[in-house]
Structure formats: structure tokens, C-alpha cells
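Descriptive analysis of the structure
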Amino acid sequence: MLGEQIYEHKGKIIGQRVLDATREIGLPKIETTFSATAKLKGTIDITDIGTYWSIVKPGGVLYGEGQGVYTTKDGSGEMATWTAQGVGRFTVRGVVSFRGSLFFRTNSTAKVSFLNNLVGVFEYEVDEQGNTTAKVWEWK
């Protein structure tokens, strides 16, 4: 069951590189890194840094996997890590849109402790200028 929205971010692509241009003809594997400011549960300010790779499958469908870390901005040093898998597509004007699942882990016993072993579903988009937006909902 889809639960409450627990996360929202606005960020920017900060790097890209080609991991494998020879995989299959015309289907390179590209790595993308982003940095974002975000809120957990609407009140916890965090920074999200993530890296994912993606490939274009036949028919123009994207498949990707990623990983990243959330850090709180309040100086408490709390962190949570995530891994993700998703599928995406190219939309109008160069926008890339992904949907998928996230798996969280943390040793925190305070603000971000609710993320430990939580599974989420996400929407993630990148516009033609490299700006990113994302939302995550808990999957109960």
C-alpha cells in the first residue's frame, strides 16, 4: 500500500560520464551524479547526494540503478543511505522522467531513524538544464 509522502527535493546534475560506450551498439551506459536540498516529512532539512547509471533499452525505455546518502543540515551528523532501481523515459523538451523503488538504511536513533529498512517509491525528473526534482512515498 502506498503511504504518505516522506521526501521532496530540488537539485542539480553535478556530473556525468560514459561508463561503457561499447556495451551494445547505440546503447551506452551513462553515470549521473546529482546534489539536492530536500525535506524529509516536510520538516527535516537534508542534503541528498546520489549517483546512478542508466542505459537506454530497445524502444527508448531507460533502466537505471543508483545509490546515495542523506545528511541532515542541523549539524547533528545524522545520515541515511539509499539504493534504488527504476525505469524511465524521455519526454518533451529533453526532460527525463524515472519511476522506481528505494531501499533505505541508517544507524540513526534520532530524526532519520524512521528510514531504517523503509522501502519507498519515487518520481524523479531531470529537465533540459540539468535541474532535478523528486518525491518519495513510503511503501507499506
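Let us look at the structure shown here. (Residues numbered from 1 in each chain as written. Predicted model: local features only at pLDDT ≥ 70, side-chain atom pairs only at ≥ 80, totals over all residues. Heavy atoms only, no water.)

Time to look at the packing of aromatic side chains. As enumerated under the stated definition, the model contains 8 aromatic pairs in all. Both rings, one in Y7 and one in Y70, keep their centres 5.1 Å apart while their planes meet at 5 degrees; by these two values the pair is stacked. One end of the pair, Y7, is in strand β1 (residues 2-20); the other, Y70, is in strand β4 (residues 62-72), and 63 residues separate them in sequence. The buried category is assigned to Y7, whose relative accessible area is 3%. Relative accessible area serves as the criterion here: at 3%, Y70 is assigned to the buried category. Ring plane angle 65 degrees and centroid distance 6.0 Å describe the contact between Y52 and F98, whose orientation is recorded as edge-to-face. In this pair, Y52 is assigned in strand β3 (residues 44-56) and F98 in strand β6 (residues 96-105), connecting sequence segments 46 residues apart. Comparing Y52 with F98, the two get one shared label, buried. One aromatic cluster is present, formed by F34, Y52, W82, F98 and Y124 through successive ring pairs. Seen from the ring of W53, K29 lies directly overhead, with NZ or CZ sitting 4.2 Å from the centre. (Phe/Tyr/Trp six-rings, centres within 6.5 Å; stacked < 30°, edge-to-face > 60°. Helix = DSSP H or I, 4+ residues; strand = E, 2+ residues; numbered from the N terminus. Buried < 20%, exposed > 50% of the residue type's maximum accessible area, 1.4 Å probe, protein only. Lys NZ or Arg CZ within 6 Å of the ring centre and 35° of its normal.)

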